Structure formats: structure tokens, C-alpha cells
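# A structural walkthrough
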Amino acid sequence: MGTTTFLDHDVDTLTEAIGIPEIRFDDLVALAKEAWEHEDTISESLEYIVERVNGSELILTLIFFGRIWEGIEESKEENSE
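Residues numbered from 1 in each chain as written. Predicted model: local features only at pLDDT ≥ 70, side-chain atom pairs only at ≥ 80, totals over all residues. Heavy atoms only, no water.

### What to know about helix α2 (residues 25–38)
- Taking 1.5 Å of rise per residue, the 14 residues of α2 would be expected to cover 20 Å, and the 20 Å separating its terminal C-alpha atoms lies within 8% of that figure.
- All buried positions along α2 are accounted for by Leu28, Val29, Leu31, Ala32 and Ala35. An end-on view of α2 places all buried positions within 155° of arc, on one side of the element. Turned more than 90 degrees away from the buried face of α2 sit Asp26, Glu37 and His38, all of them exposed.
- Next to the buried residues of α2 lie α3 (42–50) and α4 (55–80). (Helix = DSSP H or I, 4+ residues; strand = E, 2+ residues; numbered from the N terminus. Expected span 1.5 Å × (residues − 1). Buried < 20%, exposed > 50% of the residue type's maximum accessible area, 1.4 Å probe, protein only. Arc of directions from axis to C-beta. Contact = heavy atoms within 4.5 Å.)

Put into C-alpha cells, the structure is as follows:
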């Protein structure tokens, strides 16, 4: 991701910027995927995530979840063309 300026401090990673250990990154991506795959509705998926993480990890997981959702929607659009 390069260097990000966050609250006037230079940091090398997003996880460092929001105070999440780098080793948690893959876990949060996996949680977002799991929430998408195992729940029937968006609201159920969001509840699934909220029950498992909070704070900065919640925000980052929701961002990953949004990216998954966008990717699914783009795939649907491409397949319908």
C-alpha cells in the first residue's frame, strides 16, 4: 500500500495506522469472507461480523466485506452482459 499519512504520522501499512497487529489482517479478511458465505442476508452478515470483532478491527472487516460485496456485484454485471 505504500506509506500512508494518518493523523500526521507516516506509517507503512493500514494495520499499523489503525493499531491492528499485522498478523490479524488475514484473519479479518477471512472473517469478512465467512460472513458473506454463511449468512443469507447482508444484515445477517453484518451482525455476524459485529458479534466477532469491534473497534478498529470491526471497521477494517466491514471495509473488506464491502469489497467482497462490490466484487460479487461486478461479477454479476459482467455475467449478465
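There is more to say after this.
### With respect to the packing of α2 against α4
- Running from N to C, α2 and α4 cross one another at 50°; their axes reach a closest spacing of 8 Å. It follows from the interaxial angle that α2 and α4 lie oblique. Here the hand of the crossing between α2 and α4 comes out right-handed. Of α4, the residues touching α2 (which contributes Phe25, Leu28, Val29, Leu31, Ala32, Lys33, Ala35 and Trp36) are Glu57, Leu60, Thr61, Phe64, Phe65, Ile68, Trp69 and Ile72.
- Looking at the contact of α2 with α4 residue by residue, the classes come out as 13 nonpolar, one polar and two charged. (Axes fitted to C-alpha atoms, helices over the stretch in contact; angles between N-to-C directions. Parallel < 35°, antiparallel > 145°, perpendicular 65-115°, else oblique. Left-handed = near helix turned anticlockwise from the far one by under 90°. Nonpolar A, V, L, I, M, F, W, Y, C, P; charged D, E, K, R; others polar.)

### What to know about the pattern of salt bridges
- Here the structure, examined in full by the defined rule, presents five salt bridges.
- Of the charged contacts in the structure, one is a salt bridge between Asp27 and Arg24, with a shortest N-O distance of 3.2 Å.
- Residue class for Asp27 comes out partly exposed when judged on its relative accessible area of 42%.
- One salt-bridge network, in which partners are shared between bridges, spans Arg24, Asp27 and Glu57. (Salt bridge = Lys/Arg side-chain N within 4 Å of Asp/Glu carboxyl O.)

### Quick word on the confidence of the model for the protein chain
- This prediction gives the protein chain a mean pLDDT of 83; 84% of its residues lie at or above 70.
- By mean pLDDT, the top-scoring element of the protein chain is α3 (95), and the lowest-scoring one is strand β1 (residues 4–6) (45).
- Confidence drops under pLDDT 50 across residues 1–8; counting only partners more than four residues distant or on other chains, this segment forms twelve contacts. (pLDDT = per-residue confidence, 0-100.)

### With respect to the packing of aromatic side chains
- Counted by the stated rule, this structure contains two aromatic pairs.
- Ring centres of Phe25 and Phe64 lie 5.1 Å apart, and the angle between their planes is 75°; this geometry places the pair in the edge-to-face category. In this pair, Phe25 is assigned in helix α2 and Phe64 in helix α4, connecting sequence segments 39 residues apart.
- Looking at Phe25, the relative accessible area reads 23%, which means it is partly exposed.
- Classification of Phe64 by relative accessible area gives buried; the value is 14%.
- Here Trp36 and Phe65 contribute two aromatic rings whose centre-to-centre distance is 5.6 Å and whose plane-to-plane angle is 55°, an arrangement assigned as tilted. Of the two residues, Trp36 sits in helix α2 while Phe65 sits in helix α4, which places them 29 residues apart along the sequence. (Phe/Tyr/Trp six-rings, centres within 6.5 Å; stacked < 30°, edge-to-face > 60°.)

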